[in-house]
Each structure stands twice: as structure tokens, then as C-alpha cells.
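Chains, contacts and geometry: an overview
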Amino acid sequence: MTPSQDSAPPIGGVLETALYVEDMPRAVHFFADVLGLPVMLRTDRLTAFDAGASSVLLVFARGASQADVTGERGTVPGHDGAGPLHMALRISADAYDGWKARLEAHGVPLRGEMSWPAGGRSLYFEDPDGHVLELATPGLWANY
């Protein structure tokens, strides 16, 4: 191993994750009104949501972010995604039943539930574009 592989600078966590959607207004309604995520930025191409704990959920109009975006401050490489992607949001253990009731009240069917060996629990459901979303309590991973 080289010295750079032995001593990688620390990673502070996942800052952003992205989903790609067919209908931006429908997606914004779901993430803002059903899941309650505050909108931080909204354009025709992208909506950024505050996903808590210094995390940002980027929702892109499918196909609208394939080209590089270059401006006076630099370049963001193009990207896109297809098919049912997955992401999980952290919730407290005492919020689990409230989230289950909220999803039901908004007509969002559950795809599954899981009780993990370390005591965590997960609710699985889909957004309007078929992405598999998860609400997970502590006890899912060794670091959560």
C-alpha cells in the first residue's frame, strides 16, 4: 500500500444524494407535503430539499442533468439515473409509529417493514416515481 492509501483524509458523511423524476411538481408535492422536507432551492431542472443533519436530497428532472453545467465558478459533471433507486432517511425510534400513520393518512402504501438484529426498524415505501424509500431508526448499522 502507498502512504496515501493508509492515511485517507476523513470523510464527514454523505452530504447529498440524488433521485431522478419524471414529474417535478408531483415529486415536490410528495417530498415537501407528504414527507415534510423543506425546499432549499427550486429550478426547472432541480429541487434541493433539507433532509436533516446536514444532508441534502437533490431531485432532478430525469434527463435534465445529463450535460455538464459550466459557469464562471467551475463545472458540475453531468449525471442521471434510471430505474427504482433507493435511499433511507433517519428517524427516531419514537417517531416510527407516527411516520407509519402519516404515510397511511396520505395514501402511501408500505412496501415492507423490517426489524433489524441490533434493534432498528425500517419502513419501506415508494415515491411517485417508484423509488424505494426507507425511514430507519437507530440500530440499523453499527454506526447508526
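The rules behind the values
- Residues numbered from 1 in each chain as written.
- Predicted model: local features only at pLDDT ≥ 70, side-chain atom pairs only at ≥ 80, totals over all residues.
- Heavy atoms only, no water.
- Pairing = 2+ DSSP bridges.
- Helix = DSSP H or I, 4+ residues; strand = E, 2+ residues; numbered from the N terminus.
- Axes fitted to C-alpha atoms, helices over the stretch in contact; angles between N-to-C directions.
- Polar contact = N/O pair within 3.5 Å; in protein donor to acceptor, adjacent residues only side chain to side chain.
- Contact = heavy atoms within 4.5 Å.
- 1 Å grid on protein atoms, 1.4 Å probe; cavity = no way out; pocket = protein on both sides within 12 Å on 5 of 7 lines; lining within 4 Å.
- Points joined across faces, edges and corners; volume = space filled by probe spheres on them.
- Buried < 20%, exposed > 50% of the residue type's maximum accessible area, 1.4 Å probe, protein only.
- Arc of directions from axis to C-beta.

Read across the open sheet, the 4 strands follow the order E1-E4-E3-E2; overall the sheet is mixed. Single-partner strands in this sheet number two, and they are strand E1 (16-21) and strand E2 (39-42). Put simply, the sheet's adjacent strands are angled 20 degrees from each other on average, direction ignored.

Mapped onto the elements of the fold, aspartate 129 is located in the loop between strand E9 (121-126) and strand E10 (132-136). Among the polar contacts made by the side chain of aspartate 129, one reaches the side chain of arginine 26 at a distance of 3.2 Å. Once residues lying within four places of it in the same chain are set aside, the contact partners of aspartate 129 are Val21, Glu22, Asp23, Arg26 and Arg62.

We now examine the layout of surface pockets. Taken as a whole, the largest pocket encloses approximately 710 Å³ of empty space. Lining of the largest pocket is provided by 26 residues; of these, Val14, Ser55, Ala88, Leu89 and Arg90 occupy positions nearest its centre. The set of elements that each furnish at least two residues to the lining of the largest pocket consists of E1, strand E7 (86-90) and E10. The element best represented in the lining of the largest pocket is E7, accounting for 4 residues.

In an α-helix, one full turn covers 3.6 residues, which means residues spaced three or four apart are oriented alike. Inspection of helix H3 (residues 96-105) places Tyr96, Trp99 and Leu103 among the buried residues, and these make up the whole buried set. Within H3, the buried residues cover an arc of 65 degrees as seen down the axis, which keeps them to one side. Residues of H3 that are exposed and point over 90 degrees away from its buried face: Asp97, Glu104 and Ala105. Next to the buried residues of H3 lie helix H2 (24-34), strand E8 (110-115), E9 and E10. Trailing H3 by a residue or two, glycine 107 shows a phi angle of about 70 degrees, which is positive.

It is worth spelling out the side chain of serine 65 at this point. Secondary-structure assignment places serine 65 in the loop between strand E4 (56-61) and strand E5 (69-71). When its relative accessible area of 1% is taken as the criterion, serine 65 is described as buried. Polar contacts involving the side chain of serine 65 include one to the main-chain carbonyl oxygen of histidine 79, which spans 2.7 Å. Apart from residues lying up to four places away in sequence, serine 65 is in contact with Tyr20, Arg45, Phe60, Gly78, His79 and Asp80.

So, about the sheet that holds E10. Spatially, 4 strands are ordered E7-E10-E9-E8 in an open sheet, and the strand pairing comes out mixed. Strands with a single pairing partner mark the edges of an open sheet, and in this sheet they are E7 and E8. Adjacent strand axes in the sheet meet at a mean angle of 20 degrees, parallel and antiparallel pairs treated alike. In terms of strand pairing, E7 meets E10 through 5 bridges, oriented parallel. Note on E10: the bridge partner recorded for histidine 86 is valine 132. Where H3 meets the sheet, it contacts E8, E9 and E10, and its direction lies at approximately 15 degrees from that of E9.

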